[in-house]
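Structural overview for review
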Amino acid sequence: MAKITFIAHNGTERPVEARNGMSVMEVAVNNSIPGIDADCGGACACATCHVYVDEAFLSKTGEQQEMEKSMLDFAENVRPNSRLSCQIKVTDALDGLRVTTPESQH
Amino acid sequence: MALGGIRNIVVAGAGQAAAQALQSLRSGGYDGRLSVVGDEAALPYQRPPLSKAYLKGEFEQDRLYFKPGAWYEDQKIDVVLGTTVTGINRARREVQLEHGGHLAYDVLILATGSRPRQLTLPGADLAGVYDLRTLADVGRLSPQMVPGRKMVIIGAGYIGLEAAAVARQMGLEVTVLEMAPRVLARVTSPVLSAFYEAEHRGHGVRILTGVQTARLNGANGQVTSVVLADGTELPADIVLSGIGILPNEELAKNAGIACSNGILVDRDGRTSDPQVFAAGDCASRPLVHYGRSGRLESVHNAIEQGKLVAAAILGLPRPAEDCPWFWSDQYDLKLQIAGLSQGYDTHVVRGDPATRRFAVFYLKNATLIAVDAVNSPPEFLASKKLIISGAKLAPDVLIDTSTPMKDIAAQAAA
Ligand SMILES: Cc1cc2nc3c(=O)[nH]c(=O)nc-3n(C[C@H](O)[C@H](O)[C@H](O)COP(=O)(O)OP(=O)(O)OC[C@H]3O[C@@H](n4cnc5c(N)ncnc54)[C@H](O)[C@@H]3O)c2cc1C
Ligand code: FES
């Protein structure tokens with residue numbers, strides 16, 4: 001289990017409990033976190049689950065695969081801490097993670 | 001135009017389009033009665049994993065659901081599962097339910113999806129013959145997918161080929177039968193067909209194209225072989241049928257709503273009855289970027305139409321229609337398709353298929369209309385935008401791999 005706090009682009013914070021093995025995208029969708037569309041349901045095919053990850057946790061969210069990298073390259077407002085949330089698996093190490101959602105996925 | 005005084009919306013069918021319409025109606029501010037009736041036992045769930053990770057057993061069932069059960073309670077949505085909507089009385093504005101009873105509506109959304117086309121061969125009703133559309137189908141099929149068993153897949157469309165890849169990876173002996181001269185013949189170009197045939201053969205799948213299936217043989221009610229028109233007999237423990245789908249349009253048709261290979265809808269998803277909408281696989285919609293109408297069978301289409309219908313009902317501005325898109329996972333190959341390639345006059349290949357990373361661009365009158373991108377997200381994502389912009393692109397620009405796709409897109413947009 002990990003506690004993850006989602007921060008909307010307007011600053012509103014929503015802490016939620018996340019189960020290990022789920023993706024951060026699934027946690028967001030199950031908790032109706034706005035700002036994540038996740039059209040492909042986590043297949044790394046749509047690039048509509050873009051988030052910004054707390055810098056302190058970047059190394060704990062796992063290595064970015066080639067696919068994710070090249071998809072993110074086409075997302076809007078990409079930053080060094082951009083990730084596709086469907087590609088981050090929840091583990092105990094993510095306890096306390098803070099994730100900011102963009103204003104829009106398009 | 002907003003529909004005034006709507007206090008009661010019923011959604012018939014509980015799949016991808018339904019789930020999206022429910023979410024968009026509530027997030028768009030609708031606070032009246034909202035009911036969804038589905039004939040399957042499960043809450044709305046994603047189908048793509050059924051022929052991919054879920055079939056392989058790499059994905060727990062509760063991860064398939066779009067929303068957990070608590071969400072529906074929270075959103076005050078009446079969910080009626082395991083129940084077929086059997087009729088629509090448009091004069092009284094109510095739908096009839098299978099077990100008797102009816103539900104009144106101010107607005108009805110038909111999100112009934114599609115169903116697998118059934119094999120009509122002798123022996124098609126033997127045990128061991130499966131479809132792949134629902135969780136229940138996987139529930140029957142997956143316990144049979146034991147290493148060493150012989151599986152014959154009839155139909156080399158995306159679902160058949162995805163299942164073939166999974167079955168091979170699980171150690172089954174797999175044969176794919178296709179009537180057309182090549183796999184994926186209905187949906188893509190010979191370049192891509194040849195590539196996927198080679199991939200599957202390389203993984204040990206036997207592919208027979210240009211073959212007619214004559215009948216299925218069985219013993220004690222269980223399928224034992226597939227017999228081709230030329231008499232060839234292929235031993236089979238499992239037969240999977242993947243010969244296409246048919247829209248679930250009968251509910252609409254029987255109620256006198258206009259249908260023609262799908263329930264006919266306008267850009268807002270409205271049918272010939274202004275109080276009735278349709279979305280997803282069951283609907284035939286204007287394809288605004290292609291100047292024609294048609295039925296699409298994809299996640300993106302179901303999501304987009306779910307949103308369009310909700311917006312129209314609530315009187316909100318119509319969301320922009322995006323480029324149609326689709327994906328397919330086979331082995332370690334991710335195919336991403338943007339646009340609709342039907343009617344192309346030119347196609348060019350960017351990259352070398354031998355590297356297992358390439359894209360096929362389809363043009364019509366020098367305009368990009370579609371791309372099949374294999375392990376190539378930049379080609380896919382850039383094309384999605386280029387296609388709806390109607391940009392003119394020269395084939396030699398598209399195939400120049402020394403210029404990144406991003407730059408090609410930027411130049412075309414300039
Ligand atoms: C195995 C498989 C793999 C796929 N892979 C991909 C993919 O990789 N990418 C992609 O983009 N698309 C894929 N698709 C297609 C995609 O899943 C569909 O286009 C999408 O599910 C359509 O959504 P829908 O809501 O229109 O229909 P559905 O999701 O089929 O939902 C319709 C529901 O309505 C129910 N229903 C029908 N009639 C009635 C009635 N009279 N009363 C009550 N309920 C009724 C049906 O049983 C069903 O549960 C795949 C489909 C399958 C089957
Ligand atoms: S959900 Fe589609 S890429 Fe993450």
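Procedures and definitions
- Residues numbered from 1 in each chain as written.
- Chains lettered and ligands numbered in written order.
- Predicted model: local features only at pLDDT ≥ 70, side-chain atom pairs only at ≥ 80, totals over all residues.
- Heavy atoms only, no water.
- Helix = DSSP H or I, 4+ residues; strand = E, 2+ residues; numbered from the N terminus.
- Rg over C-alpha atoms; globule rule 2.2 N^0.38 Å.
- Buried < 20%, exposed > 50% of the residue type's maximum accessible area, 1.4 Å probe, protein only.
- Contact = heavy atoms within 4.5 Å.
- Lys, Arg positive; Asp, Glu negative; His and termini not counted.
- Charge placed at Lys NZ, Arg CZ, Asp CG, Glu CD.
- Pairing = 2+ DSSP bridges.
- Axes fitted to C-alpha atoms, helices over the stretch in contact; angles between N-to-C directions.
- Left-handed = near helix turned anticlockwise from the far one by under 90°.
- Nonpolar A, V, L, I, M, F, W, Y, C, P; charged D, E, K, R; others polar.
- Domains from an automatic or database assignment.
- Buried area = accessible area lost by both parts, 1.4 Å probe.
- Salt bridge = Lys/Arg side-chain N within 4 Å of Asp/Glu carboxyl O.
- Phe/Tyr/Trp six-rings, centres within 6.5 Å; stacked < 30°, edge-to-face > 60°.
- Lys NZ or Arg CZ within 6 Å of the ring centre and 35° of its normal.

This part covers the overall build of chain B. Check the secondary structure of chain B and you find ten helices and 26 strands. Against the compact-globule benchmark of 22 Å for 414 residues, chain B has a radius of gyration of 22 Å, which places it among compact chains. For chain B, the spread of C-alpha atoms along the principal axes amounts to about 65 × 60 × 35 Å. Residue burial in chain B is summarised as follows: out of 414 residues, 56% are buried. Of the contacts formed within chain B by residues at least 6 apart in sequence, a portion of 60% connects residues at least 24 apart. Across chain B, 41 positive and 42 negative side-chain charges occur, with their mean positions spaced 3 Å apart.

This paragraph deals with the sheet that holds strand 2 (residues 13-18) of chain A. All names here are of chain A. Here we have five strands laid out as an open sheet, ordered 2-1-5-3-4, and mixed in their pairing. Both outer strands of the open sheet, strand 2 and strand 4 (82-84), are each paired with one neighbouring strand and no more. Across the sheet, the axes of successive neighbouring strands diverge by a mean angle of 35 degrees, strand direction being ignored. The pairing of strand 3 (residues 50-53) with strand 4 spans three bridges and is antiparallel. Following the sheet pairing, valine 51 is matched in strand 4 by arginine 83.

All names here are of chain B. In the contact formed by helix 1 (residues 16-27) and helix 7 (residues 299-314), the axes pass within 8 Å of each other and the chain directions differ by 35 degrees. Viewed along their axes, helix 1 and helix 7 form a crossing whose handedness is right-handed. Residue-level inspection shows Gln16, Ala17, Gln20, Ala21, Ser24 and Leu25 of helix 1 in contact with helix 7, the latter providing Val299, Ala302, Ile303, Gly306, Lys307, Ala310, Ile313 and Leu314. Tallied by class, the residues present in the contact of helix 1 with helix 7 amount to nine nonpolar, four polar and one charged.

Interfaces are often sized by the amount of accessible area the parts lose when they come together. Residue and element names in this part refer to chain B. What the domain assignment reports for chain B is domain 1 (8-115 + 246-314), domain 2 (129-243) and domain 3 (332-413). For domain 2 and domain 3, the distance between their C-alpha centres works out to 30 Å. In this assembly, ten residues from domain 2 lie in contact with 14 residues from domain 3. Taken together, the two surfaces of domain 2 and domain 3 that pack against each other cover about 960 Å², and 65% of this comes from carbon and sulfur. Applying the counting rule to domain 2 against domain 3 returns one salt bridge.

Below, the discussion takes up the packing of aromatic side chains. Enumeration according to the criterion identifies seven aromatic pairs over all chains in this entry. Look at Tyr158(B) and Phe326(B): their rings are 5.2 Å apart centre to centre, the planes differ by 45 degrees, and that puts the pair in the tilted class. With a gap of 168 residues between them, Tyr158(B) in helix 4 (residues 158-169) and Phe326(B) in strand 22 (residues 325-330) connect regions that are remote in the sequence. Aromatic side chains Trp325(B) and Phe380(B) sit 5.8 Å apart centroid to centroid with 65 degrees between the ring planes, which places their arrangement in the edge-to-face category. Of the two residues, Trp325(B) is situated in strand 22 and Phe380(B) in helix 8 (residues 377-389); the sequence distance between them amounts to 55 residues. Residue classification places Trp325(B) among the buried residues on the basis of a relative accessible area of 4%. Among the aromatic residues, those joined into a cluster by ring pairs are Phe195(B), Tyr196(B) and Phe358(B). The ring of Phe57(A) has Lys60(A) sitting right over it, with the charged end atom 4.9 Å from the ring centre. Here the guanidinium or amino end of Arg79(A) rests over the ring plane of Tyr52(A), the centre of that ring lying 3.7 Å away.

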